[in-house]
Amino acid sequence: VLGQSDRLMATQRITHSYPHCWRHKTPVIFRATPQWFISMDQNGLRAGALRDIPTVQWVPGWGEQRIYSMIEGRPDWCISRQRTWGVPIPAMACTSCQTPVLTTALTDRAADVFERYGADAWYERPIEEFLPEGLSCASCGGTSFERESNILDVWFDSGSSHEAVLPRYDDLGWPSDMYLEGSDQHRGWFQSSLLVALATRGRPPYREVLTHGFLIDVDGRKMSKSLGNVVTPQDVIKESGAEVLRLWVAMSDYSEELRVGREILTRVVEAYRKLRNTSRIHVANLYDFDPAVHMVPVADLDTIDRYALARFADAAERMQRAYDAYDFPTVFQTLTTLVSVDLSAFYVDVTKDRMYTFAAGSAERRSTQTAMFLICDGLARLLAPILPVTAEDLWRYLPGTRSASVHLERFPEVGHLQAPDLVATWGRLLGVRDQVNAALEQKRKDKVIGNSLSAHVTVSASGPIAGTLEQYRAYLPTLFIVSDLEVQLGGTDGADTVSVAVDKARGVRCDRCWRFVPSVRTEPASAGICDRCVDALATSVNA
């Protein structure tokens, strides 16, 4: 009309946002209605919350500042909702002047009725059952009332859960040790629980609060059926087993959104397989080991076994500290490094000779079995929180008298197994081993040798490392897994220098231990095997 009368100066069409229902995708209609509020400042509720938030342990730490900021800036708490379901607000309204009435006597009467009939009694039972004797309107003196039709905000329901649960059971106590939920609950359950508890008991309802992120795919997108990027627990369990799913949870940084996809799960499967196979090798080597009979005192263990136990002890201590801090990714990383590097790639490899070719009851073999037993026993305990089935399997197959379940046990005590000086020394020896392995690999590529036992290795060294090599000269063939070793040592002053030369081993190969030795036996009963193997077999038979 304005345009038709030439009185419109300008016009423009604007597209702007408007609140829509997240479920129905339709515009939301607003209407004004009386509401019930809890004041954040009138009785010091906000101040009390800000005062007590720092007394709670927040995991991750940024959760403290997140909820602090929300409490600091939030308006008064609207606790009423217009619904036909839920927990009713046990208030009355005067039919004469519509003044709301909410007293302690009213709430006590409502609680008694709800205890007998449930919250639906508010809608089903006669109103007289809820009215205390002599109730009247403070404004007009009226004695006729109608029920409040609003329900309590569901966050008030969940925020009161600590009162409904913790004081009612003898084996629980108030406050809770921990609240655990997603990071969105800083504005939900964590906050409502805090406010309810401060108003009723004057302190937070929890000692610790742990929050986690939400599942997203490998590209960082929210999982959605329409996108076809949903990974369900049932599918993972069906394909790989529940333990793989549990291990993925342990390796994930829950302080952020949790990524999951086929590539990630494939890596988890590989890590789990390495852990299980390494544990199986250790247990298999204990088939003739009785801890009550064959256990060697830690102080008397062979130095290689002491080193392996010291590496395990360091990892176990880190894992226990990480458990205490709910730092499960560090538990996973420490575990996989221990299993892949220290146990599988090193310890199992260098002890194969003594485990498979030495006499069954030899001191060296019993020493290694003792170390493997202690490592497996400790691993089962350390795995129990994140891989309960695997830990129980490992526990069940370990030799000796044991409790019914690993889940009845404590974490291992490892302080007496730690040996920092020994770890540092063997760290230097392993550096030389890396050089030897590199030289061996090159000769394998050149077709000079087959496996490492077919090699003759010459190690030339000077500097402090020369003294270390001299000290552990007897262990070097075992460390390098070679048949024939020559060590040429210079002075121990100056910087470390190490050079490695590899040739084909001299002598003949023993059919039993595969080492190259100067000669083997020719008599029919022991033809083709070396003197060490003959003695080992004789000792095992006599034993």
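Everything below is about the structure shown above.
Residues numbered from 1 in each chain as written. Predicted model: local features only at pLDDT ≥ 70, side-chain atom pairs only at ≥ 80, totals over all residues. Heavy atoms only, no water.

Colleague: It is not clear to me how the overall build of the protein chain should be interpreted in this structure. Could you clarify?
Modeller: Within the protein chain, the secondary structure is distributed over 20 helices and 17 strands. For the protein chain, whose C-alpha radius of gyration is 36 Å, the value lies well above the compact-globule estimate of 24 Å for 543 residues. When its C-alpha atoms are laid out on the principal axes, the protein chain stretches across 120 × 75 × 50 Å. For the protein chain, with 543 residues in total, the buried portion stands at 43%. For the protein chain, contacts bridging at least 24 residues in sequence account for 70% of all contacts bridging at least 6. Of the roughly 29900 Å² of accessible surface on the protein chain, 52% is carried by carbon and sulfur atoms. In the protein chain, the 58 positive side-chain charges and the 67 negative ones have mean positions that sit 5 Å from each other. (Helix = DSSP H or I, 4+ residues; strand = E, 2+ residues; numbered from the N terminus. Rg over C-alpha atoms; globule rule 2.2 N^0.38 Å. Buried < 20%, exposed > 50% of the residue type's maximum accessible area, 1.4 Å probe, protein only. Contact = heavy atoms within 4.5 Å. Areas by Shrake-Rupley, 256 points an atom, 1.4 Å probe, with all protein chains shown as cover. Lys, Arg positive; Asp, Glu negative; His and termini not counted. Charge placed at Lys NZ, Arg CZ, Asp CG, Glu CD.)

Colleague: So what exactly am I meant to see when it comes to the pattern of salt bridges here?
Modeller: Where side chains of opposite charge bring their charged atoms close, a pairing between them can arise. In total, this model carries 27 salt bridges according to the counting rule given. In this structure, the salt-bridge partner of Glu243 is Arg246, at a minimum N-O distance of 2.5 Å. Residue Glu243 and its partner Arg246 are located together in helix α9 (residues 242-251), separated by three residues, close to a single helical turn. Residue class for Glu243 comes out buried when judged on its relative accessible area of 7%. Put simply, Asp377 and Arg381 hold a salt bridge, and the shortest N to O gap is 2.8 Å. Within this pair, Asp377 and its partner Arg381 are both found in helix α15 (residues 363-383), separated by four residues, close to a single helical turn. For the pair Asp377 and Arg381, a shared accessibility class is recorded, and that class is buried. (Salt bridge = Lys/Arg side-chain N within 4 Å of Asp/Glu carboxyl O.)

Colleague: Can you help me understand the sheet that holds strand β2 (residues 57-59) in this one?
Modeller: For sheets, the rule is that strands pair by backbone hydrogen bonds, running either parallel or antiparallel. Taken together, the three strands give an open sheet; going across it, the order is β2-β10-β9, and neighbouring strands pair in parallel fashion. Among the strands making up the open sheet, the edge pair consists of β2 and β9 (176-182). Between one strand axis and the next, the sheet turns through 15° on average, direction left out of account. Relative to strand β10 (residues 206-212), β9 runs parallel, the two sharing six bridges. (Pairing = 2+ DSSP bridges. Axes fitted to C-alpha atoms, helices over the stretch in contact; angles between N-to-C directions.)

Colleague: How should I be thinking about α9 in this particular structure?
Modeller: Since one α-helical turn is 3.6 residues long, residues separated by three or four positions face the same way. Along α9, the positions that sit buried rather than exposed are Glu243, Val244, Leu245, Leu247, Trp248 and Ala250. Buried residues in α9 make contact with β11 (215-216), α8 (233-240), β12 (258-259), α10 (262-284), α13 (328-350) and α16 (388-397).

Colleague: Explain the packing of aromatic side chains here, please?
Modeller: Each aromatic ring pair is summarised here by two numbers: the centre-to-centre distance and the angle between the ring planes. Per the stated rule, a full pass over the model turns up 16 aromatic pairs. Plain terms: the ring middles of Trp77 and Phe156 are 5.6 Å apart, the flat faces sit at 40° to each other, and that makes the pair tilted. With Trp77 in strand β3 (residues 77-78) and Phe156 in helix α5 (residues 154-159), the pair connects residues that are 79 residues apart, well separated along the chain. What makes Phe156 partly exposed here is its relative accessible area of 21%. Both rings, one in Tyr472 and one in Tyr475, keep their centres 6.3 Å apart while their planes meet at 50°; by these two values the pair is tilted. (Phe/Tyr/Trp six-rings, centres within 6.5 Å; stacked < 30°, edge-to-face > 60°.)

Colleague: Hey, could you run me through the side chain of Asp314 in this one?
Modeller: Looking at the secondary structure, you find Asp314 in helix α12 (residues 303-324). Despite its burial, Asp314 remains without a salt bridge, the nearest opposite charge being carried by Arg311 at 4.6 Å. Look past the residues within four positions of Asp314 in its chain and what remains in contact with it is Gln418 and Val423.

Colleague: Help me understand the pairing of strand β13 (residues 455-462) in this model?
Modeller: If a strand is regular, its side chains alternate between the two faces of the sheet. With six of eight residues buried, β13 lies mostly within the body of the structure. Where β13 lies against strand β15 (residues 497-504), eight bridges are found, and the strand directions are antiparallel. Bridge pairing links Ser460 to Ser499 in β15. Sheet analysis places β13 next to strand β14 (residues 484-489), joined by six bridges and oriented parallel. The partner of Ser460 across the bridge, within β14, is Gln488.

Colleague: What's the story with the layout of surface pockets in this structure? I'm lost.
Modeller: Using a probe with the size of a water molecule, rolled over the atoms, empty space left in the structure can be pinpointed. Each pocket or cavity is described by its volume, and for the largest pocket that value is around 1100 Å³. Around the largest pocket, the lining is made up of 34 residues, and of these Leu152, Phe156, Ser160, Val196 and Thr200 lie nearest the centre. When contributions to the lining of the largest pocket are tallied by element, the ones reaching two or more residues are β1 (37-38), α3 (104-117), α5, α6 (161-165) and α7 (189-200). Per element, the largest residue contribution to the lining of the largest pocket is six residues, and it comes from α3. Grouping the amino acids of the lining of the largest pocket by side-chain chemistry returns 21 nonpolar, eight polar and five charged. Roughly 670 Å³ of internal volume is contained in the second largest pocket. Around the second largest pocket, the lining is made up of 31 residues, and of these Asp349, Lys352, Asp353, Leu453 and Ile481 lie nearest the centre. The set of elements that each furnish at least two residues to the lining of the second largest pocket consists of α13, α14 (352-357), α17 (420-445) and α19 (476-480). Sorting elements by how many residues they give to the lining of the second largest pocket places α14 first, with five residues. (1 Å grid on protein atoms, 1.4 Å probe; cavity = no way out; pocket = protein on both sides within 12 Å on 5 of 7 lines; lining within 4 Å. Points joined across faces, edges and corners; volume = space filled by probe spheres on them. Nonpolar A, V, L, I, M, F, W, Y, C, P; charged D, E, K, R; others polar.)

Colleague: When you look at a nonpolar patch on the surface in this model, what are you seeing that I'm missing?
Modeller: Together, Trp85, Val154 and Trp155 make up a nonpolar patch on the protein surface, roughly 310 Å² of accessible area in all. Following the sequence through the fold, Trp85 ends up in the loop between β4 (80-81) and β5 (92-94). (Patch = residues over 30% accessible without salt bridge, like charges linked within 9 Å, V, L, I, M, F, W, Y side chains within 5 Å.)

Colleague: Explanation requested: the sheet that holds β5 in the structure shown.
Modeller: Spatial strand order, β6-β5-β7: three strands in an open sheet with antiparallel pairing. Of all the strands in the sheet, just β6 (100-101) and β7 (145-147) have a single pairing partner and so form its edges. Bridging between β5 and β6 involves two bridges; their strand directions are antiparallel. When the sheet's bridge partners are listed, Met92 is paired in β6 with Val101.

Colleague: Hey, could you run me through the environment of Leu180 in this one?
Modeller: Structurally, Leu180 can be placed in strand β9. For Leu180, a relative accessible area of 46% translates into the label partly exposed. Note: C-alpha distance between Leu180 and Met295 (115 residues apart in sequence) is 43 Å. Other than its neighbours up to four places away in sequence, Leu180 contacts Trp189, Phe190, Leu210 and His212.

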